[in-house]
Number of protein chains: 2
Amino acid sequence: MTRLEVRAPAGLGEIREGDDLARLIGDLVAPLEAGDILVVTSKIVSKAEGRMREAADREAAITEETVRVVATREHPGGTTRIVENRLGIVAAAAGVDASNTPDGTILLLPLDPDASARALAAALRIRFGVDVGVVISDTLGRPWRIGQTDAAIGAAGLHVTDDLRGGVDAQGRPLTVTQAAVADEIAAAADLVKGKTSGCPVAVVSGLGRLVGPLDLPGARSLVRTGPSDMFARGSREAYEDGYADGLAGSRGRRAPDT
Amino acid sequence: MTRLEVRAPAGLGEIREGDDLARLIGDLVAPLEAGDILVVTSKIVSKAEGRMREAADREAAITEETVRVVATREHPGGTTRIVENRLGIVAAAAGVDASNTPDGTILLLPLDPDASARALAAALRIRFGVDVGVVISDTLGRPWRIGQTDAAIGAAGLHVTDDLRGGVDAQGRPLTVTQAAVADEIAAAADLVKGKTSGCPVAVVSGLGRLVGPLDLPGARSLVRTGPSDMFARGSREAYEDGYADGLAGSRGRRAPDT
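Residues numbered from 1 in each chain as written. Chains lettered and ligands numbered in written order. Predicted model: local features only at pLDDT ≥ 70, side-chain atom pairs only at ≥ 80, totals over all residues. Heavy atoms only, no water.

Chain A is annotated in an unreviewed UniProt entry as Coenzyme F420:L-glutamate ligase-like domain-containing protein from Arenivirga flava.

## Focus: the overall build of chain A
We apply this condition: Put simply, DSSP H or I for four residues or longer makes a helix, DSSP E for two residues or longer makes a strand, and each gets a number counted from the N terminus. Burial classification: accessible surface area is computed with a 1.4 Å probe over protein chains only, and a residue below 20% of its type maximum counts as buried, one above 50% as exposed, and the rest as partly exposed. For this analysis, residues touch if any pair of their heavy atoms sits within 4.5 Å. For accessible areas, the Shrake-Rupley method is used with a probe of radius 1.4 Å. Any residue's cover is judged against the shown protein chains and nothing else.
Looking only at helices and strands, chain A features six helices and 12 strands. In chain A, which comprises 259 residues, the proportion classed as buried is 58%. For chain A, contacts bridging at least 24 residues in sequence account for 66% of all contacts bridging at least 6. Accessible surface, chain A as shown: approximately 10300 Å² in total, 52% of it carbon and sulfur.

## Quick notes on the relation of the copies chain A and chain B
Worth spelling out the cut-off: For this overlay, a least-squares fit was computed on C-alpha atoms, restricted to residues scoring pLDDT of at least 70 in both copies.
In the superposition of chain A on chain B (RMSD 0.1 Å, axial shift 0.0 Å), the rotation amounts to 180°. Those values place the two copies in the arrangement expected of a two-fold rotation axis. A high fraction, 100%, of the interface residues of chain A reappear at the interface in chain B, so the copies pair face to face through one surface.

## Observations concerning unusual backbone geometry
Residue and element names in this part refer to chain A. Backbone torsion omega between Ala30 and Pro31 reads -5°, so that peptide bond is classified as cis. Position of Pro31 relative to the elements: it lies in the loop between helix 1 (21-29) and strand 2 (37-41). Positive phi, normally seen in glycine, also occurs at Ala94, with a value near 60°. Inspection of the secondary structure puts Ala94 in the loop between strand 6 (90-92) and strand 7 (105-107). Residue Ala94 is classed as buried on the basis of its relative accessible area, which comes to 0%. Backbone geometry at Trp144 places phi at a positive 75°, although glycine is not the residue there.

## Observations concerning the sheet that holds strand 4 (residues 66-75) of chain A
Residues and elements named next belong to chain A. Which entries qualify depends on this criterion: Strand pairing is assigned whenever DSSP identifies at least 2 bridges connecting the two strands. Under this scheme, a helix contributes an axis fitted over its contacting stretch, all axes are lines through C-alpha atoms, and angles between N-to-C directions fall in the 0 to 180 degree range.
Here three strands make up an open sheet; going across it, the order is 4-5-6 and the pairing antiparallel. Bordering the open sheet on either side are strand 4 and strand 6, each of which pairs with just one other strand. On average, each strand axis in the sheet is tilted by 20° relative to the strand beside it, whichever way the strands run. Two strands pair when backbone bridges link them, and strand 4 and strand 5 (residues 78-85) are joined in this way by eight bridges, in the antiparallel orientation. Counterpart to Thr66 in the pairing with strand 5 is Asn85.

## A word on the packing of helix 1 (residues 21-29) of chain B against helix 4 (residues 113-128) of chain B
Residue and element names in this part refer to chain B. Rules: For classification purposes, an angle smaller than 35 degrees is called roughly parallel, one larger than 145 roughly antiparallel, one from 65 to 115 roughly perpendicular, and anything else oblique. Helix crossings fall into two classes, left-handed where the near helix is turned counterclockwise from the far one by less than a right angle and right-handed where it is turned clockwise. Each residue gets one of three labels, nonpolar for Ala, Val, Leu, Ile, Met, Phe, Trp, Tyr, Cys and Pro, charged for Asp, Glu, Lys and Arg, and polar for the others, Gly among them.
Direction vectors running N to C along helix 1 and helix 4 enclose 50°, while the axes themselves pass 9 Å from each other. If you check the angle between helix 1 and helix 4, you find them oblique. Crossing of helix 1 over helix 4 shows right-handed handedness. Here Leu21, Ala22, Arg23, Ile25, Gly26 and Asp27 of helix 1 come into contact with helix 4, specifically with Leu120, Ala123, Leu124, Arg127 and Phe128. Within the contact of helix 1 with helix 4, the residues separate by chemical class into seven nonpolar, one polar and three charged.

## A look at the packing of aromatic side chains
Residue and element names in this part refer to chain A. Defined as follows: Two rings from Phe, Tyr or Trp (for Trp, the six-membered ring) form a pair when their centres sit within 6.5 Å of each other. Planes less than 30 degrees apart are called stacked, planes more than 60 degrees apart edge-to-face, and all others tilted.
Counting across every chain of the model gives four aromatic pairs over all chains. With centroids separated by 5.0 Å and ring planes inclined at 80°, the aromatic side chains of Trp144 and Phe232 adopt a geometry described as edge-to-face. One end of the pair, Trp144, is in the loop between strand 8 (133-142) and strand 9 (145-156); the other, Phe232, is in the loop between strand 12 (202-206) and helix 6 (236-248), and 88 residues separate them in sequence. For the residue pair Trp144 and Phe232, the accessibility class agrees, reading buried in each case.

## Quick notes on the packing of helix 6 of chain A against helix 6 (residues 236-248) of chain B
Two elements in contact, helix 6 of chain A and helix 6 of chain B, have axes whose closest approach is 6 Å; the angle formed by their N-to-C orientations is 35°. Relative to helix 6 of chain B, helix 6 of chain A is oriented so that their crossing is right-handed. Counted together, Ser236(A), Ala239(A), Tyr240(A), Asp242(A), Gly243(A), Tyr244(A), Asp246(A), Gly247(A) and Leu248(A) of helix 6 of chain A and Ser236(B), Ala239(B), Tyr240(B), Asp242(B), Gly243(B), Tyr244(B), Asp246(B), Gly247(B) and Leu248(B) of helix 6 of chain B form the full contact between these two elements. Tallied by class, the residues present in the contact of helix 6 of chain A with helix 6 of chain B amount to eight nonpolar, six polar and four charged.

## Comments concerning the interface of chain A and chain B
As a reminder, the rule being used: What counts as a salt bridge is simple: a side-chain nitrogen of Lys or Arg found within 4 Å of a carboxyl oxygen of Asp or Glu. In the analysis that follows, any N or O atom pair within 3.5 Å is treated as a polar contact, provided that within protein one partner can donate a hydrogen and the other can accept it, and provided that, for residues neighboring in sequence, both atoms belong to side chains.
Taken together, the 90 residues of chain A in the interface contact 90 residues of chain B. Our count for the chain A to chain B interface comes out at six salt bridges. There are 42 residue pairs in polar contact (both at pLDDT 80 or more) connecting chain A and chain B. Those elements giving two or more residues to the side of chain A that touches chain B turn out to be strand 1 (2-8), strand 4, strand 8, strand 9, strand 11 (179-180), helix 5 (182-194) and helix 6 of chain A. It is helix 6 of chain A that provides the largest number of residues to the side of chain A that touches chain B, a total of 11 residues. In terms of residue class, the side of chain A that touches chain B is made up of 44 nonpolar, 20 polar and 26 charged. As paired elements, strand 1 of chain A and strand 1 (residues 2-8) of chain B share seven bridges and run antiparallel to each other. Residue pairing for strand 1 of chain B: Leu4(A) is matched across the bridge by Val6(B).

## Notes on the pattern of salt bridges
Taken as a whole and judged by the stated rule, the model has 32 salt bridges over all chains. The salt bridge involving Lys194(B) is made with Asp150(B); its shortest N-O contact spans 3.8 Å. A residue pair is termed long-range when its members are at least 10 positions apart, and Lys194(B) in helix 5 (residues 182-194) and Asp150(B) in strand 9 (residues 145-156) qualify at 44 residues. Note on Lys194(B): relative accessible area 1%, which makes it buried. Here the salt bridges do not stand alone but share partners, grouping Arg23(A), Asp27(A) and Arg127(A) into one network.

## Quick notes on the sheet that holds strand 6 (residues 90-92) of chain B
All names here are of chain B. In spatial order, the strands read 4-5-6; together these three strands make up an open sheet with antiparallel pairing. Looking along the sheet, the strands with just one partner apiece sit at the ends: strand 4 (66-75) and strand 6. Strand-to-strand twist in this sheet, taken as the mean axis angle between neighbours without regard to direction, amounts to 20°. With three bridges connecting them, strand 5 (residues 78-85) and strand 6 associate as antiparallel partners. Bridge assignment links Ile82 to a residue of strand 6, and that residue is Ala92.

## Focus: the environment of Ala94(B)
Distance in space between the C-alpha atoms of Ala94(B) and Arg81(B) is 7.8 Å, their sequence separation being 13 residues. Non-local contacts of Ala94(B), meaning those with residues more than four positions away in its chain, are made with Ile62(B), Glu65(B), Thr66(B), Val83(B), Asn85(B) and Leu109(B).

## A word on the pairing of strand 5 of chain A
Between strand 4 of chain A and the antiparallel strand that follows it, strand 5 of chain A, lie two residues. Two successive antiparallel strands, strand 5 of chain A and strand 6 of chain A, enclose a turn made up of four residues, where Gly88(A) displays a positive phi of approximately 85°.

So, in structure tokens, the structure goes:
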């Protein structure tokens, strides 16, 4: 029997710029046990790090956070922009957030969520004297499926994938391509108890100590797949229109579709 | 404090065609409590339903399960085919599975995973006299991110999304687009304890009774997003090449990129 528990304690209160998140979260979840993994909603990390901006600057903020536009779509409420942001994450509106923020404000994602996770994990390891992991989560849509799931945008002190590529299945045959994105699955599990409106932006996952390791393990940035192996680097419509324009111009040197 | 527990009991044994899955799983997890959600790996549902085929027929089986090719990519080990299968799920190899199957065999997905989930949930509700939900899970890759996560391909007796579109955030503003795909998050949480190689294809999730409801709630099929709202209906390369060909032909009536 393997077993996993996720708990989301209430009572953190509103986070403000400059707050000592490690101390506040430590007080909330104390004590942590060896092998616990803390999941923290990116929103409160952003607030503590002063990433709040005026809502009037929302479109400019999205543009500033954008590295590359993947797809856009007009709809009655406005334009959806799916973009790759400076963290390599492909997300609607670059991850710029206008929910659960004070009126008239928006929130940018943390500047370096892996670094934020490392700082939190380091402080909590010192305080509780045990090895724990930290995941910083955000809510992401996904192609081909309705709705959103939480995923890891920052991580420290745990293996973000459970890499079975070198392993074998129960019949002894190599598991050539299986690589479970466990940091994303941990963020998803935590979302089930944190919820979106419950005022519980922190969850503690117990029972996954096998995934906890050194603080310098690769962070959530290593979960990002862009570049040549990305088969969906452009929306269908955008890629089609690029191709159409190139075809119409009778261009001989085709533009690569992935760029 | 909200709390969630996931446990994966060992000892189910090898499943064979014709096995009474509801009875075997019921024996394994007994007793279930009201509000428990059972997560069952699709592989054992397929085995019980006789969906095993000869490995020699793998490519033909993928073609048979395919409704529409989304993208293909050649690589040293062969060709990756990302397709929409007859369940509306976009997956590599249409979800046809060659791991953890007897040598020389492959497994197709269950014929109707929502119906399989309903039958299981109905039998378990009668046996234990309480309302429980059932999720049938499969392992899916995703664009833009490394690795795979488990998702719900069948579901019964639970709300597959936690729809906050009508709700408000902690500041009282409407949460216009938030719709948590909780069935997928439940499948992901269960994968963390079931694992891929541990021989624990079943998990019980406790603490989410708020999501459990009538057996005729929409199943996992309702999580599928294809059609006009799918901005990634074709791989970038395929869409570009379609556009290029149309542009080169100087066609005036552009082919829609989504079809």
